[in-house]
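# Commentary on secondary and tertiary structure
What follows is each chain in one-letter form.
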Amino acid sequence: MSDRSFDRVDEIVNQYLRYLTDGKTPPSLYHIPERERVEVNAIMRILEASWGSDAVEIPPLEFDPLAVELGLVAAAPAIVSLSGPAIKAARKRSGKGLRAVVDQLVAQGFTIDATWVFNLEQVEVTDVASSLASGLARLLDAPLTEIQAAAPSPGRSPLQSFLKSRRFMQAIERWAHVHGVEVPRLRTWAEGQLMAGAYRTKGMPTDEEWERLLNTLFETWDE
Amino acid sequence: MRIADSKTLDEEALRNVRMELDDDVLLESIRAGCPNWGAIYAKYREMMIRAASRVIGMGDKVERSYAGESAPDAAQRAFQKVMRSGIPADVTNLRAYLARAAVNESHDIRRQTIRRHHDAIDEHEEPRHERLGSRHEESIVAQEDVEAVIEQQILEEGIRANLPILTDHQRAALIGRVFEQRPAKDVAAEIGVEPQRISQLVRSAARRLAHELGMLEDESDVG
């Protein structure tokens, strides 16, 4: 093909892209030779099929209930470590104020307040229930992975290790036995309370500190 | 505080279901009466959303704002219907079958939303010229239109699959200018070429793809 022919085709491609952009006048193929017309038609079909295809938003699988139902999404672990700076960035991008986030999470049934959300954003890593993490991600219109903290180093996540410890289970069993409460019920309640209360504990609490908090929480147990 | 269910995560099983299986294997599962729905959805979900978006996004701005259902919802509904009705054993082109399901579902959604809007404005007796979807009667979709959308979607899939054959500049120009609909000068600045070079790169990329996809026979002048 000659340079002149390439120039002609390039001009038509240009016109066609303008047509796809503003929807006004498509290029005329009347004056071009048959051989070029075949090529131009093929190029235009390629361009039309591809036009704007990356503008289509493909939501992450985790936001797709059918994908979840079909088992395409890993079951979320009970506890998720969230990154404060990532949450703050996602919230700013979503244009939502702190108050709006609090109100909407409370409306979804989570027992949190403005102080908790504020602290959440200030702290590098916070462990929360996965349902709260997912709810927050949806609220901020961000994939959960975006607001999650990097994978914890072994032994770094104090709440997770405490909840899996023998010490926690013994405390639960002891209190359940003394007060005639079913162990699974008390355990579920205590896990939720500790996760909700995680923000109140600055720094990296030890197992002793978690147990002290747990004993304090037991006092609030109300059938 | 809600506590998420703590399910056992079987990573291996998840990898298996998300792995892209050949259509032959998927069709075999259909013929055997036990379709691997997870693997089918994992493979074709994105394609179905893109196909649906071609229909959902085809109306004018006002019409789109009333569409109510997004392309991902349309794709999900379409796949749920397919799961309920089953895939006939004589289907040989799974991609086209599912694209058709997504396109038909999207047309239904579009028709319903336009009708709903008409009913709503009839109640309020708005002037006719303010009505949404003045092409209401035209929205009864001709089969040729459905086929055209499916054909375009399948072509787009072929284009995406063949992007690796392009040079880096061709690929960047095609993706930036056409897939992402960005101005030529922005794309040119990004890849370090003159803006007028973009249409040449788009032309040569499209021509190469057209040849690869069997739409052009002679590749001698691919530039």
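Presented here is a report on the structure given in the accompanying data block.

### Let's talk about the overall build of chain B
Counting its secondary structure elements, chain B contains 10 helices and zero strands. Starting at the N terminus, the α and β elements of chain B follow one another as α-α-α-α-α-α-α-α-α-α. Of all 223 residues assigned to chain B, the portion counted as buried reaches 35%. Taking as baseline every contact in chain B between residues at least 6 positions apart, the subset at least 24 positions apart corresponds to 62%.

### A few points about helix α9 (residues 184-191) of chain B
Residue and element names in this part refer to chain B. When we look at burial in α9, the residues that qualify are A184, V187 and A188. Mapping the buried residues of α9 onto a view down its axis gives an arc of 100 degrees, with all of them on the same face. Facing away from the buried side of α9 by more than 90 degrees, the exposed set consists of K185, A189 and E190. Buried residues along α9 sit against α8 (168-179) and α10 (195-212). G192 sits one or two residues past α9 and shows a positive phi near 75 degrees.

### Observations concerning the nonpolar core
Counting residues in hydrophobic clusters, the biggest one holds 34 residues, and the most contacted among them are Y41, M48, A52, A75 and A102 of chain B. At the level of secondary structure, the elements contributing two or more residues to this core comprise α3 (65-69) of chain A together with α2 (23-31), α3 (37-56), α5 (71-85), α6 (94-124) and α7 (143-162) of chain B. Apart from the residues lying within four places of it in its own chain, the contact partners of A52 of chain B are A71, A74, A75, A102, E105 and S106 of chain B. With 31 residues, the next largest nonpolar core counts V80, I87, A137 and L163 of chain A among its residues.

### Brief notes about the pairing of strand β1 (residues 79-83) of chain A
Counting buried positions over the five residues of β1 of chain A gives five, a clear majority of the element. The alternating pattern of β1 of chain A places I79, S81 and S83 of chain A on one face and V80 and L82 of chain A on the opposite face, and all of these are buried.

### A look at the pairing of strand β2 (residues 125-129) of chain A
All names here are of chain A. Burial analysis of β2 places four of its five residues in the buried class, which makes it a mostly covered element. Where β1 and β2 come together, five bridges link them in antiparallel fashion. Note on β2: the bridge partner recorded for S81 is D127.

### Digging into unusual backbone geometry
The backbone of D141 of chain A sits at a positive phi, close to 55 degrees, despite the residue not being glycine. With phi around 55 degrees, Q181 of chain B is a residue other than glycine that occupies positive phi space. By the secondary structure assignment, Q181 of chain B is in the loop between α8 and α9.

Rules of the game
- Residues numbered from 1 in each chain as written.
- Chains lettered and ligands numbered in written order.
- Predicted model: local features only at pLDDT ≥ 70, side-chain atom pairs only at ≥ 80, totals over all residues.
- Helix = DSSP H or I, 4+ residues; strand = E, 2+ residues; numbered from the N terminus.
- Buried ≥ 20, exposed ≤ 12 C-beta atoms within 10 Å, placed from the backbone.
- Contact = placed C-beta atoms within 7 Å.
- Arc of directions from axis to C-beta.
- Core = buried A, V, L, I, M, F, W, Y, C linked by C-beta atoms within 7 Å.
- Pairing = 2+ DSSP bridges.

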